[in-house]
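Chain residues, written in single-letter form:
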Amino acid sequence: MIFDKLADAIANHAKLIVVLWVVILVCSVPLALKSGEVMKYDVNDMAGADSESMQGLTIMSQYFSDAGADASALPVLLAKFETSAEEDLIEEFFSYLSDHGSEYVDEDGNPKLSSAAPFATMGSQTKPGLVGGIVLGCAVYAGSYTGDIGEDTDNLRAFIADKKAEFVSQGAEQAAMKDIRVYVTGTTAIGHDLAVGSLEDISRIDPFTVLLILVLVGLFFRSFITSATPPITIGVAFVVVLALIFGIGQILSIFFITEKMLLVAMMGAGCDYCIFIISRYREGLRAGLGHDLSLHEAVKWAGESIATSGASVIIGFGVMSICSISLVSTMGICLALSILVAMLAALTLIPAILQLVRDKIFWPTLMSAFEEGGKATKGWFAWFGRLGERYFEKSSRFTLKHAKAIVLAAVLVSIPAAYVAVNAETSYDMISAMQTGESGEGMELIGEYANQGMFMPNYLVFETSKPMAEVYDNPLSSELKMLVWTDDFLKMDLDALCGSISSDPNVANVTGPYVWSRYVDAATAQLPVSATYTEIVDLVLENSPETLSMYVDTTVNTMRSMGLSDEKLVLMAGSTIDYLVNTLGKTVGGDFVNTGTGDVDYFIVLYSTEAAAMAPVSMKSIDHASDEVDAFIKAVNHKAGYDLISDKWITGTAAVMYDISKDVGEEFTTIEVLVVVFIIILLFVVMKSYLIPFRSVFTILMSICWTLMMTHLVFSGFLGADVTWLIPLILLVICLGLGMDYDILLTTRIRENVLKGMTTDDAIHHAVTHTGSVITICGLIMGGAFGTLMLSSMIMMQQFGFALCFAILCDALIVRSYIVPAIMHLFGDWNWKGPKFMQKRIE
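Residues numbered from 1 in each chain as written. Predicted model: local features only at pLDDT ≥ 70, side-chain atom pairs only at ≥ 80, totals over all residues. Heavy atoms only, no water.

(A) Main features of the environment of glutamate 82. Structurally, the position occupied by glutamate 82 is in the loop between strand S2 (76–81) and helix H4 (84–99). As a C-alpha pair, glutamate 82 and valine 215 span 133 residues in sequence and 50 Å in three-dimensional space. Excluding its chain neighbours within four sequence positions, the residues that come into contact with glutamate 82 are Val131 and Gly132. (Helix = DSSP H or I, 4+ residues; strand = E, 2+ residues; numbered from the N terminus. Contact = heavy atoms within 4.5 Å.)

Following this line, the structure appears as structure tokens:
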């Protein structure tokens with residue numbers, strides 16, 4: 001038997017094994033310290049490269065100008081007002097910021113923000129029935145800025161705070177601004193706060209996890225040394241895994257969620273494995289087997305349980321790697337690797353340590369205390385030590401006596417739970433689930449008073465077989481270009497497309513390419529014949545679409561400051577204005593972006609939503625927009641008589657998540673089925689039984705259904721937060737893997753007893769009595785480890801923590817202690833029916 005050989009090898013080479021792990025640890029530390037550098041925080045990196053949304057993002061990066069700031073990527077400024085006086089004061093402060101924007105410079109003294117409009121005011125926003133509202137603005141970075149806008153968030157906040165202090169000191173009226181908070185939010189700030197919040201969560205969660213394990217293990221073994229051994233062992237494995245992840249991160253995209261899950265998963269599962277070995281070793285010593293035989297039996301029997309449960313966990317996480325969603329696939333790879341390393345540490349390093357320190361590992365409790373007349377056999381020490389054994393002895397007898405009632409109750413609870421688990425809706429709004437810090441508070445205010453989707457628009461990217469416009473050099477200026485629309489484009493009824501998309505109540509606004517002449521014509525028709533050119537230009541600025549108004553205002557006012565009259569703006573400057581507005585606003589694209597002049601073969605229509613961009617209703621809005629785009633393309637091509645619009649892509653952060661949701665719906669079922677099938681095969685090979693694998697999976701699925709029902713009840717029902725789409729998948733994989741630990745530990749012990757000649761009922765009673773305490777403490781450790789995720793500031797991690805903690809505790813304390821023994825009692829000898837050739841091999 002392989003574990004017999006492993007036990008002998010450890011006994012003969014214990015020092016070498018310890019030294020080898022120390023060498024591996026030392027070599028891993030430098031790389032482990034760099035592991036944070038490879039973590040990803042951008043939702044756009046989650047989808048597969050061949051998805052429509054990712055292809056659209058690629059098209060935009062290749063054929064659309066990067067000269068202007070992407071409005072969806074600009075840091076958003078906002079402040080809340082209660083009165084009109086506060087509203088005026090905030091707008092005055094934003095103007096003050098813009099006047100002093102040139103003072104915001106990098107280390108070399110170069111301005112970071114646009115010289116034309118460093119801070120742009122986007123006006124006030126409120127909703128009917130609300131008192132007050134918010135004033136919105138944004139920081140416009142210069143096209144020459146090469147730094148990371150997200151990483152500059154703290155510097156920008158510090159600059160705004162300094163300018164606010166200056167503004168407040170100017171007089172009594174301005175002093176009222178002191179009590180008004182200015183938030184910096186938007187996608188870049190959310191990404192920055194997500195990275196910072198993740199590190200803060202880890203610094204808060206990980207120490208609490210380790211402390212919890214030290215306390216629980218210490219209480220179980222009543223030993224300081226024993227309590228420290230499992231977490232130190234898994235800590236060594238954790239450092240090794242971080243080093244491996246740094247290497248994997250050079251090839252694959254690893255997301256911060258993986259890093260947060262890593263330590264709690266390793267500490268939960270790895271410490272369980274260590275406790276399996278140590279408790280079995282202690283049991284042998286108490287039975288008088290002596291050190292050598294006790295360690296050999298511990299490695300032989302507990303080792304089989306650890307290898308089987310570890311393999312089931314690795315299968316669960318490993319199957320996740322087939323998912324096309326990189327967030328899921330890389331999480332599966334990294335967590336499977338972490339369990340493998342933790343299992344190897346438990347199977348080799350722990351027995352090696354036991355071989356070297358022997359029963360001193362239980363100091364100050366010594367094995368002599370358990371001998372006849374010893375400290376552990378009398379008084380409160382003996383009472384407390386036998387408390388667990390007495391409880392599980394009674395629970396075992398109760399279960400065997402009332403097996404049918406227990407199973408019936410479990411089934412009755414599982415039916416409604418399964419209905420909720422299958423039919424309850426989950427959310428793909430990753431941003432709302434992960435946002436934290438100042439940017440998260442700012443987004444909540446935007447959701448309260450404005451359209452939260454305005455900062456994450458969706459882009460409808462169209463490719464045409466004939467140019468929609470031509471970009472030429474401007475004969476009056478070598479620095480400016482002219483964009484001249486073709487008849488093919490002007491004949492397109494883009495207004496009809498925008499109107500049909502706007503028919504969705506959740507769509508806030510829709511904007512296509514900007515055509516100056518159309519707005520001039522509309523303003524001229526609206527004004528009296530005697531209107532001046534200045535009145536026409538002012539009305540055009542007033543009527544310009546909200547999403548492009550910043551670029552229109554900046555372009556027109558800059559031309560005015562250069563001495564261009566409003567008459568020339570109306571009559572002569574249209575092609576130049578169209579070029580600047582559409583390239584800065586990223587609504588037209590083509591090879592001209594790289595060559596300077598040429599054809600416009602791509603154009604964009606963008607829209608934003610009332611609800612958060614990734615809210616369930618906004619996901620449905622993407623379906624609506626897609627249908628309208630298909631109808632528009634069909635109409636355009638029919639009118640042209642050929643495929644004028646040759647291709648289209650729907651992209652943007654929300655569209656990326658939409659594609660993920662479609663892929664998830666198609667792939668999760670495959671992943672779940674494969675996990676179940678592979679684990680059934682594994683258990684069949686190990687247990688040599690037809691029934692046990694199916695019974696094990698059934699009871700795990702039962703606890704998963706209970707957990708999903710409770711998670712939806714707590715978060716959706718009481719807290720008003722939609723359950724994130726990842727929860728069901730991760731819960732299934734982790735519970736089928738890690739939750740299987742306790743089933744395997746109990747079942748292998750029952751099987752061992754049967755092989756030694758006990759009846760099935762006696763084997764169940766003995767196994768529950770002797771493993772109940774171990775399973776309970778392991779469940780408390782693993783459940784507690786996952787429960788520490790509820791300390792996170794992010795709602796998604798809180799959901800992970802609650803669901804995994806509830807599932808593990810439910811499985812360890814209820815399913816393994818009562819339901820599994822009850823089912824096995826009812827099956828009787830049928831538990832052990834299997835292929836005859838396999839049965840012969842174990843007899």
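(B) Looking closely at the pattern of salt bridges. Applying the stated criterion across every chain, the model contains 22 salt bridges. Here arginine 181 makes a salt bridge to glutamate 438, at a shortest N to O gap of 3.9 Å. One end of the pair, arginine 181, is in the loop between helix H6 (172–175) and strand S5 (182–185); the other, glutamate 438, is in helix H15 (residues 437–449), with 257 residues separating them in the sequence. Owing to a relative accessible area of 18%, glutamate 438 belongs among the buried residues under this scheme. (Salt bridge = Lys/Arg side-chain N within 4 Å of Asp/Glu carboxyl O. Buried < 20%, exposed > 50% of the residue type's maximum accessible area, 1.4 Å probe, protein only.)

(C) Representation of the packing of helix H20 (residues 549–561) against helix H22 (residues 574–584) in the model. Following both chains from N to C, one finds H20 and H22 inclined at 140 degrees, their axes separated by 9 Å at the closest point. One finds that H20 runs oblique with respect to H22. By crossing handedness, the relation of H20 to H22 is classed as right-handed. Within the contact between the two elements, H20 uses Tyr551, Val552, Thr555, Val556 and Met559 and H22 uses Thr576, Ile577, Leu580, Val581 and Leu584. Grouping the constituent residues of the contact of H20 with H22 by class yields eight nonpolar, two polar and no charged. (Axes fitted to C-alpha atoms, helices over the stretch in contact; angles between N-to-C directions. Parallel < 35°, antiparallel > 145°, perpendicular 65-115°, else oblique. Left-handed = near helix turned anticlockwise from the far one by under 90°. Nonpolar A, V, L, I, M, F, W, Y, C, P; charged D, E, K, R; others polar.)

(D) Up close: helix H24 (residues 616–640). The end-to-end C-alpha distance of H24 is 37 Å, a good match for the 36 Å that 25 residues give at a rise of 1.5 Å each. Ser618, Met619, Ser621, Ile622, Ala625, Ser626, Val629, Phe632, Ile633, Val636 and Asn637 are the residues of H24 that are buried. Immediately downstream of H24, the backbone of glycine 641 shows phi near 85 degrees, a positive value. (Expected span 1.5 Å × (residues − 1).)

(E) Representation of empty space enclosed by the protein in the model. Enumeration over the complete set of coordinates arrives at four cavities of 30 Å³ or more. Here the largest cavity is characterised by a volume of approximately 70 Å³. Forming the walls of the largest cavity are Asp429, Ile431, Ser432, Gln435, Met443, Gln452, Gly453, Met456, Ala612, Ala613 and Met614. In the lining of the largest cavity, the residues fall into six nonpolar, four polar and one charged. In this structure, the second largest cavity spans a volume of roughly 40 Å³. Along the walls of the second largest cavity sit Phe392, Leu746, Val768, Thr771, Gly772, Ile775, Ala812, Arg816 and Ser817, which together make up its complete lining. At the level of secondary structure, the elements contributing two or more residues to the lining of the second largest cavity comprise helix H29 (760–787) and helix H30 (795–827). If one sorts the elements of the lining of the second largest cavity by residue count, H29 sits on top with four residues. Its residues placed into classes, the lining of the second largest cavity shows five nonpolar, three polar and one charged. (1 Å grid on protein atoms, 1.4 Å probe; cavity = no way out; pocket = protein on both sides within 12 Å on 5 of 7 lines; lining within 4 Å. Points joined across faces, edges and corners; volume = space filled by probe spheres on them.)

(F) How the structure looks around the confidence of the model for the chain. Residue-level pLDDT values for the chain average 85, and 94% of them are 70 or greater. Per-element confidence in the chain is highest for helix H2 (residues 14–32), whose mean pLDDT is 94, and lowest for helix H31 (residues 836–842), whose mean pLDDT is 56. (pLDDT = per-residue confidence, 0-100.)

(G) Quick peek at the state of the cysteines. Enumeration over the complete set of coordinates arrives at zero disulfides. Between cysteine 334, a cysteine without a disulfide, and cysteine 323, which holds the nearest cysteine sulfur, the sulfur-to-sulfur distance is 14 Å. (Disulfide = S-S within 2.5 Å.)

(H) A look at the nonpolar core. Ile257, Met261, Phe462, Trp725, Phe786 and Phe800 are the most contacted members of the largest nonpolar core, which totals 240 residues. The element contributing the most residues to this core is helix H9 (residues 256–286), with 19 residues. In this view, phenylalanine 800 contacts Ile257, Met261, Leu726, Ile727, Ile730 and Leu789; residues no more than four positions away in its chain are not counted. Leu77, Phe81, Tyr141 and Met177 belong to the second largest nonpolar core, which has 26 residues in total. (Core = buried A, V, L, I, M, F, W, Y, C linked by side-chain atoms within 4.5 Å.)

(I) Spotlight on the packing of H29 against H30. Where H29 contacts H30, the two axes come as close as 9 Å, and the packing angle between them is 175 degrees. Judged on the interaxial angle alone, H30 and H29 are roughly antiparallel. Between H29 and H30, the contacting residues are Thr760, Asp761, Ile764, Val768, Ile775, Thr776, Gly779, Leu780, Met782, Gly783, Phe786 and Gly787 on the first element and Gly801, Leu804, Cys805, Ile808, Leu809, Ala812, Leu813, Arg816, Pro821, Met824 and His825 on the second. The residue inventory of the contact of H29 with H30, partitioned by class, reads 14 nonpolar, seven polar and two charged.

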